[in-house]
Amino acid sequence: MKGILPVYKDSFFCGFNRKDGLQLQMIYEKGIVYCEVNLDNRFEGYTDVLHGGIIFGILDVIIWYAIFMETKKICMTRKTEMEFFKPVLCGVPYVAKGQFLRIEGRDVHATAWMEDKGGEVYASMNALFKEGRDIPVDHFINKFDFSRTTPAIKKHFMSLLDK
(Lines give C-alpha, C1' and ligand atoms only; values in the text may rest on other atoms or scores of the structure.)
Protein backbone atom coordinates (compact mmCIF):
# COMPACT_ATOMS: atom_id res chain seq x y z
CA MET A 1 0.00 0.00 0.00
CA LYS A 2 1.26 3.46 -0.90
CA GLY A 3 -0.30 6.89 -0.95
CA ILE A 4 -1.30 10.14 0.70
CA LEU A 5 -2.69 9.67 4.20
CA PRO A 6 -5.90 11.29 5.42
CA VAL A 7 -5.50 14.28 7.68
CA TYR A 8 -7.03 15.11 11.01
CA LYS A 9 -9.13 18.09 9.91
CA ASP A 10 -8.23 20.34 12.84
CA SER A 11 -4.52 19.50 12.94
CA PHE A 12 -2.11 22.44 13.02
CA PHE A 13 0.46 20.22 11.33
CA CYS A 14 -1.64 18.53 8.63
CA GLY A 15 -5.07 20.15 8.33
CA PHE A 16 -5.52 21.32 4.73
CA ASN A 17 -7.94 24.06 5.80
CA ARG A 18 -5.74 25.42 8.59
CA LYS A 19 -4.33 28.55 6.94
CA ASP A 20 -2.29 29.20 10.10
CA GLY A 21 -0.87 25.67 10.05
CA LEU A 22 1.82 23.74 8.23
CA GLN A 23 -0.50 21.77 5.89
CA LEU A 24 1.95 18.88 5.67
CA GLN A 25 1.05 16.05 3.32
CA MET A 26 1.81 12.68 4.92
CA ILE A 27 2.64 9.78 2.61
CA TYR A 28 2.87 6.09 3.46
CA GLU A 29 5.14 3.70 1.56
CA LYS A 30 6.63 0.33 2.56
CA GLY A 31 6.38 0.82 6.32
CA ILE A 32 7.62 4.42 6.28
CA VAL A 33 5.55 7.58 6.72
CA TYR A 34 7.14 10.71 5.33
CA CYS A 35 6.44 14.29 4.33
CA GLU A 36 8.33 17.12 2.70
CA VAL A 37 9.10 20.04 4.99
CA ASN A 38 10.09 23.50 3.81
CA LEU A 39 8.89 26.15 6.24
CA ASP A 40 9.30 29.89 6.21
CA ASN A 41 10.51 32.24 8.94
CA ARG A 42 7.10 32.39 10.64
CA PHE A 43 8.21 29.23 12.43
CA GLU A 44 11.77 30.19 13.37
CA GLY A 45 13.11 29.96 16.90
CA TYR A 46 16.26 31.86 16.04
CA THR A 47 17.09 33.82 12.89
CA ASP A 48 16.52 31.51 9.90
CA VAL A 49 16.44 28.39 12.13
CA LEU A 50 13.24 26.38 12.50
CA HIS A 51 11.96 26.29 16.08
CA GLY A 52 12.74 22.98 17.83
CA GLY A 53 9.14 22.69 19.02
CA ILE A 54 7.92 22.69 15.42
CA ILE A 55 10.42 19.95 14.53
CA PHE A 56 9.30 17.97 17.58
CA GLY A 57 5.64 18.31 16.58
CA ILE A 58 6.28 17.20 13.00
CA LEU A 59 8.15 14.09 14.14
CA ASP A 60 5.50 13.32 16.76
CA VAL A 61 2.74 13.40 14.10
CA ILE A 62 4.81 11.26 11.73
CA ILE A 63 5.25 8.67 14.48
CA TRP A 64 1.52 8.61 15.19
CA TYR A 65 0.80 7.84 11.53
CA ALA A 66 3.59 5.24 11.32
CA ILE A 67 2.19 3.39 14.33
CA PHE A 68 -1.36 3.53 13.04
CA MET A 69 -0.49 2.34 9.55
CA GLU A 70 1.42 -0.68 10.85
CA THR A 71 -0.78 -1.64 13.84
CA LYS A 72 -4.20 0.04 13.41
CA LYS A 73 -3.84 1.17 17.01
CA ILE A 74 -4.93 4.64 18.13
CA CYS A 75 -2.05 5.69 20.36
CA MET A 76 -0.91 8.74 22.28
CA THR A 77 2.57 10.01 23.04
CA ARG A 78 3.85 8.96 26.44
CA LYS A 79 7.58 9.58 26.36
CA THR A 80 10.08 10.88 23.81
CA GLU A 81 13.79 11.33 23.40
CA MET A 82 14.75 14.07 20.94
CA GLU A 83 18.16 14.82 19.50
CA PHE A 84 19.13 17.79 17.36
CA PHE A 85 22.31 17.27 15.33
CA LYS A 86 22.37 20.37 13.09
CA PRO A 87 20.14 23.44 12.75
CA VAL A 88 17.10 22.91 10.51
CA LEU A 89 16.98 26.07 8.41
CA CYS A 90 13.89 27.97 7.30
CA GLY A 91 13.31 27.99 3.56
CA VAL A 92 15.37 24.83 2.97
CA PRO A 93 13.76 21.54 1.86
CA TYR A 94 13.89 18.55 4.21
CA VAL A 95 12.10 15.23 4.47
CA ALA A 96 10.66 14.00 7.77
CA LYS A 97 10.35 10.21 8.05
CA GLY A 98 9.13 7.78 10.66
CA GLN A 99 8.57 4.12 11.27
CA PHE A 100 6.98 1.77 13.78
CA LEU A 101 9.49 -0.40 15.64
CA ARG A 102 7.75 -2.81 18.03
CA ILE A 103 5.07 -3.43 20.67
CA GLU A 104 5.88 -4.51 24.23
CA GLY A 105 2.67 -4.99 26.22
CA ARG A 106 0.79 -1.67 25.90
CA ASP A 107 4.01 0.16 24.99
CA VAL A 108 4.40 1.00 21.31
CA HIS A 109 7.89 2.04 20.15
CA ALA A 110 8.64 4.08 17.04
CA THR A 111 11.22 6.45 15.64
CA ALA A 112 11.32 9.47 13.33
CA TRP A 113 13.94 11.78 11.89
CA MET A 114 14.37 14.83 9.68
CA GLU A 115 16.91 14.67 6.90
CA ASP A 116 18.03 16.81 4.01
CA LYS A 117 17.64 15.77 0.37
CA GLY A 118 21.03 14.02 0.56
CA GLY A 119 19.94 11.85 3.50
CA GLU A 120 21.91 13.63 6.25
CA VAL A 121 19.93 13.52 9.52
CA TYR A 122 19.40 16.87 11.30
CA ALA A 123 17.10 15.73 14.13
CA SER A 124 15.71 12.45 15.43
CA MET A 125 13.15 11.24 17.93
CA ASN A 126 12.64 7.91 19.63
CA ALA A 127 9.21 7.59 21.17
CA LEU A 128 7.09 5.45 23.41
CA PHE A 129 3.37 5.66 22.71
CA LYS A 130 0.50 4.07 24.66
CA GLU A 131 -2.63 2.66 23.12
CA GLY A 132 -5.62 4.85 23.91
CA ARG A 133 -8.52 3.44 25.88
CA ASP A 134 -12.23 4.09 25.46
CA ILE A 135 -11.80 6.19 22.32
CA PRO A 136 -15.05 6.35 20.31
CA VAL A 137 -13.75 5.04 16.97
CA ASP A 138 -16.55 6.52 14.86
CA HIS A 139 -15.93 9.99 16.32
CA PHE A 140 -12.19 9.54 15.68
CA ILE A 141 -12.69 8.48 12.03
CA ASN A 142 -15.15 11.32 11.37
CA LYS A 143 -12.43 13.85 12.25
CA PHE A 144 -10.37 12.81 9.20
CA ASP A 145 -10.41 14.26 5.68
CA PHE A 146 -10.05 11.40 3.19
CA SER A 147 -10.40 13.58 0.06
CA ARG A 148 -6.78 13.07 -1.06
CA THR A 149 -6.27 9.44 -0.06
CA THR A 150 -6.35 6.28 -2.15
CA PRO A 151 -9.25 3.86 -1.74
CA ALA A 152 -6.89 1.31 -0.13
CA ILE A 153 -5.71 3.75 2.53
CA LYS A 154 -9.26 4.91 3.25
CA LYS A 155 -10.29 1.25 3.63
CA HIS A 156 -7.40 0.73 6.06
CA PHE A 157 -8.68 3.54 8.30
CA MET A 158 -12.35 2.64 7.92
CA SER A 159 -11.65 -0.97 8.94
CA LEU A 160 -11.48 0.29 12.53
CA LEU A 161 -15.25 0.56 12.40
CA ASP A 162 -15.51 -3.18 11.76
CA LYS A 163 -14.09 -4.09 15.18
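Thresholds, definitions, all that
- Residues numbered from 1 in each chain as written.
- Predicted model: local features only at pLDDT ≥ 70, side-chain atom pairs only at ≥ 80, totals over all residues.
- Heavy atoms only, no water.
- Core = buried A, V, L, I, M, F, W, Y, C linked by side-chain atoms within 4.5 Å.
- Buried < 20%, exposed > 50% of the residue type's maximum accessible area, 1.4 Å probe, protein only.
- Helix = DSSP H or I, 4+ residues; strand = E, 2+ residues; numbered from the N terminus.
- Pairing = 2+ DSSP bridges.
- Axes fitted to C-alpha atoms, helices over the stretch in contact; angles between N-to-C directions.

Caption draft 1: Structural context of the nonpolar core. Residues Leu5, Met26, Val37, Ile58, Tyr65 and Phe157 are the most contacted members of the largest nonpolar core, which totals 51 residues. Breaking this core down by element, the ones donating at least two residues are strand 4 (32-37), helix 1 (52-71), strand 8 (94-104), strand 9 (107-116), strand 10 (121-131), helix 2 (137-142) and helix 3 (151-158). The dominant element in this core, judged by the number of residues it contributes, is helix 1, at 13 residues.

Caption draft 2: Main features of the sheet that holds strand 4. The antiparallel open sheet is built from seven strands, whose spatial order is 1-3-4-8-9-10-7. If you trace the sheet from one side to the other, it starts and ends with strand 1 (2-4) and strand 7 (75-84), each paired once. For this sheet the average axis-to-axis angle between neighbouring strands, irrespective of direction, equals 20°. Two strands pair when backbone bridges link them, and strand 8 and strand 9 are joined in this way by 10 bridges, in the antiparallel orientation. Across the sheet, Lys97 pairs through a bridge with Trp113, a residue of strand 9.

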